[in-house]
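# Residue-level structure breakdown
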Number of protein chains: 2
Amino acid sequence: MKKGERRKRELLQIAYRMFVSKGYENTSVDEIIEAAGIAKGTYYYYFQSKEQMLEEVIGMMLEVEAEKAEAVLRADLSVPEKIVGIIASIQPEQQERTIDEALHRPENLLMHDKIRGRLFDLIVPILSRAAEDGVREGLFDCDHIPERIRMILILSSDLFDGHNPYTPAVIDVFIDATEKILGARPGTMGFIRALVRAPQDVQ
Amino acid sequence: MKKGERRKRELLQIAYRMFVSKGYENTSVDEIIEAAGIAKGTYYYYFQSKEQMLEEVIGMMLEVEAEKAEAVLRADLSVPEKIVGIIASIQPEQQERTIDEALHRPENLLMHDKIRGRLFDLIVPILSRAAEDGVREGLFDCDHIPERIRMILILSSDLFDGHNPYTPAVIDVFIDATEKILGARPGTMGFIRALVRAPQDVQ
DNA sequence: TCCTTTTCGACTGTCGGTCGGTTTTTATTG
DNA sequence: CAATAAAAACCGACCGACAGTCGAAAAGGA
């Protein structure tokens, strides 16, 4: 019962690295089992299919980020600081920049989409709790917070996902839209600029 | 020189029907050539790859919708009517409902994504021109219209794309967000409700 | 006739997934 | 502490489906 768990984790780790570096579609099961030094049968003893393995790899990735985001929520910070922190916590680390890059390659659409969906389900409740604090403090003024948070995330993931460059106008309009969606005073969400600019600068 | 063009169109038509009914990923080149009664080599005489064929099929689909949308723009209608008309014109026809259905199946992510991108590039300028009329009439009050229109389209395509059911709250918030993004008075965009409800009712 | 366009279909390589059987571990007894 | 039965882990040859290739053969026009 112990050995199986370890092996499975090992396989997930190997696959994770390969999916990130070469892309999900471009990584064959044969390559995974060769890297792991196991036979085809063993692979399918642990995973029902390649796609089901992808789900588990994604789950593993998101576990870490969820933990970080919740830690930020619990910390003693202002509402804007929390929002910045939560969003930053789900951004790929410096050394994991390749993940992000890989995800935007067309051959990884499926993986990208799955991660996106699960990341949203994970992060919407957390960000919503921060936003609710914002409403209590009078920073924001709106109802249906989770729905609004989700919309903001949809917009940002589409606008700032790297594969189409965004103009300053897009950033301005996005900040304006964010403030209005949440019922905040103009300028309140200006801190978004720092979040959105950062990845672009590296390039 | 004539025969080739005709054959190519015929193949695109056949593929279009099959992609729509069975999905792009689930339609094999072998099935297409069997339906067309041609050999493998002939297929690859006309198309460099299956994916390149998909591009052409999509192009064919969008030509029709672009024409309809521009006709609405030229028509003598009020700004809200034009917006409704343009959006309606890119919505799948009654008898083509299966397209929409097919597009949302996970196996058609690639096709869905490609259509989405190209549809946006096509429809954003057209809708923007309608919105500019709206600004001139005092109905809307904002700058950077194309960017704002694009954001609204991003939101609607994500929220109302069928695979996740939307609550009344989502519709309310979307309408509210739309009005605020365009700087319209509350209630101005209430007509969206009809557009968004319709597909759901049929089901 | 000669040249171009169009058509053919056998073939290739890769891939995800299956299957029957073998080895290793673990739990259970005498 | 063996002996053994049952369960867990592992193996790799094999399969069918698939996108794409290629050299050669018709068809058509000048």
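The present account deals with the structure reproduced in this document. (Residues numbered from 1 in each chain as written. Chains lettered and ligands numbered in written order. Predicted model: local features only at pLDDT ≥ 70, side-chain atom pairs only at ≥ 80, totals over all residues. Heavy atoms only, no water.)

In terms of regular secondary structure, chain A is built from 10 helices and zero strands. In sequence order, chain A lays out its α and β elements as α-α-α-α-α-α-α-α-α-α. When each of the 203 residues of chain A is scored for burial, the buried share is 48%. For chain A, restricting intrachain contacts to residue pairs at least 6 apart in sequence, the fraction spanning at least 24 positions comes to 63%. Counting only carbon and sulfur atoms, one obtains 53% of the accessible surface of chain A, whose full area is about 10,500 Å². (Helix = DSSP H or I, 4+ residues; strand = E, 2+ residues; numbered from the N terminus. Buried < 20%, exposed > 50% of the residue type's maximum accessible area, 1.4 Å probe, protein only. Contact = heavy atoms within 4.5 Å. Areas by Shrake-Rupley, 256 points an atom, 1.4 Å probe, with all protein chains shown as cover.)

Here we come to the pattern of salt bridges. All names here are of chain B. Tallying each qualifying case throughout the model produces 32 salt bridges over all chains. Between E55 and R118 there is a salt bridge; the shortest N-O distance is 3.1 Å. Taken as a pair, E55 in helix α4 (residues 50-74) and R118 in helix α7 (residues 109-136) lie far apart in primary sequence, 63 residues in all. (Salt bridge = Lys/Arg side-chain N within 4 Å of Asp/Glu carboxyl O.)

Okay, the protein's contact with DNA strand D next. Residues in contact with DNA strand D amount to 18 residues; listed here are only the nearest, G41, T42, Y45 and Y46 of chain A together with V29 of chain B. Considering the 4 Å shell around the protein, atoms of DNA strand D inside it are sugar or phosphate in 60% of instances. At 2.4 Å, a side-chain N or O of Y46 of chain A approaches a phosphate oxygen of DNA strand D. Take V29 of chain B: an N or O atom from its main chain is 2.8 Å from a phosphate oxygen of DNA strand D. For the surface near DNA strand D, the elements supplying multiple residues, two or more each, are α1 (2-22) and α3 (40-46) of chain A together with α3 (40-46) of chain B. (Near = heavy atom within 4 Å. Polar contact = N/O pair within 3.5 Å; in protein donor to acceptor, adjacent residues only side chain to side chain.)

Moving on: unusual backbone geometry. Residues and elements named next belong to chain A. Here H144, not a glycine, exhibits a phi torsion of approximately 45°, which is positive. Among the secondary structure elements, H144 is positioned in the loop between α7 (109-136) and α8 (145-159). Since its relative accessible area comes to 32%, H144 is described here as partly exposed.

Listed as interface residues are 21 residues of chain A and, on the opposing side, 21 residues of chain B. Summed over both partners, the interface of chain A with chain B buries about 2,100 Å², with 73% contributed by carbon and sulfur atoms. Of all residues in chain A, the largest losses of buried area upon contact with chain B belong to L109, M151 and V173 of chain A, amounting jointly to 27% of the total for that side. The tally of links from chain A across to chain B stands at four salt bridges. In this assembly, chain A and chain B are joined by four residue pairs in polar contact (both at pLDDT 80 or more). Secondary-structure elements contributing two or more residues to the side of chain A that touches chain B are α7, α8 and α9 (168-182) of chain A. Looking at the side of chain A that touches chain B, the element that brings in the most residues is α9 of chain A, giving eight residues. (Buried area = accessible area lost by both parts, 1.4 Å probe.)

Relative to chain B, chain A is turned by 180° and slid 0.0 Å along the rotation axis, the superposed coordinates differing by an RMSD of 0.1 Å. Here the copies are linked by what is in effect a two-fold axis. Counting the interface residues of chain A, we find that 100% of their copies in chain B are interface residues as well, pointing to one common contact surface. (Least-squares fit on C-alpha atoms with pLDDT ≥ 70 in both.)

All right, on to the packing of aromatic side chains then. For any pair of aromatic rings, the description consists of the separation of the ring centres together with the inter-plane angle of the planes. The tally for this structure, following the rule as stated, stands at 12 aromatic pairs over all chains. Between Y43 of chain B and F47 of chain B the ring centres are 5.4 Å apart and the planes differ by 45°, which places this aromatic pair in the tilted class. For the pair F160 of chain B and Y166 of chain B, a centre-to-centre distance of 4.8 Å together with 85° between the ring planes defines the contact as edge-to-face. A single burial state applies to F160 of chain B and to Y166 of chain B, both of which are buried. These aromatic residues form a ring-pair network of at least three members: Y43, Y44 and F47 of chain A. Over the face of the ring belonging to Y24 of chain A we find K50 of chain A, whose NZ or CZ atom lies 4.4 Å from the ring centre. (Phe/Tyr/Trp six-rings, centres within 6.5 Å; stacked < 30°, edge-to-face > 60°. Lys NZ or Arg CZ within 6 Å of the ring centre and 35° of its normal.)

This part is about α7 of chain A. Residue and element names in this part refer to chain A. If you check α7, its first and last C-alpha atoms are 39 Å apart, about what 28 residues at 1.5 Å a residue would give, namely 40 Å. If you look at α7, its biggest bend is around 30°, right at I123, and the proline P125 turns up within four residues after that. The first or second residue beyond α7 is G138, which carries a positive phi of 85°. (Expected span 1.5 Å × (residues − 1). Bend = angle between axes of the 7 residues up to and from the residue.)

Residues and elements named next belong to chain B. The end-to-end C-alpha separation of helix α9 (residues 168-182) is 21 Å, in line with the 21 Å expected for 15 residues at 1.5 Å each. Counting buried positions over the 15 residues of α9 gives 12, a clear majority of the element. When α9 is considered as a whole, its buried residues turn out to be A169, V170, I171, V173, F174, I175, D176, A177, T178, E179, I181 and L182. Following α9 by one or two positions, G183 adopts a phi angle in the positive range, close to 70°.

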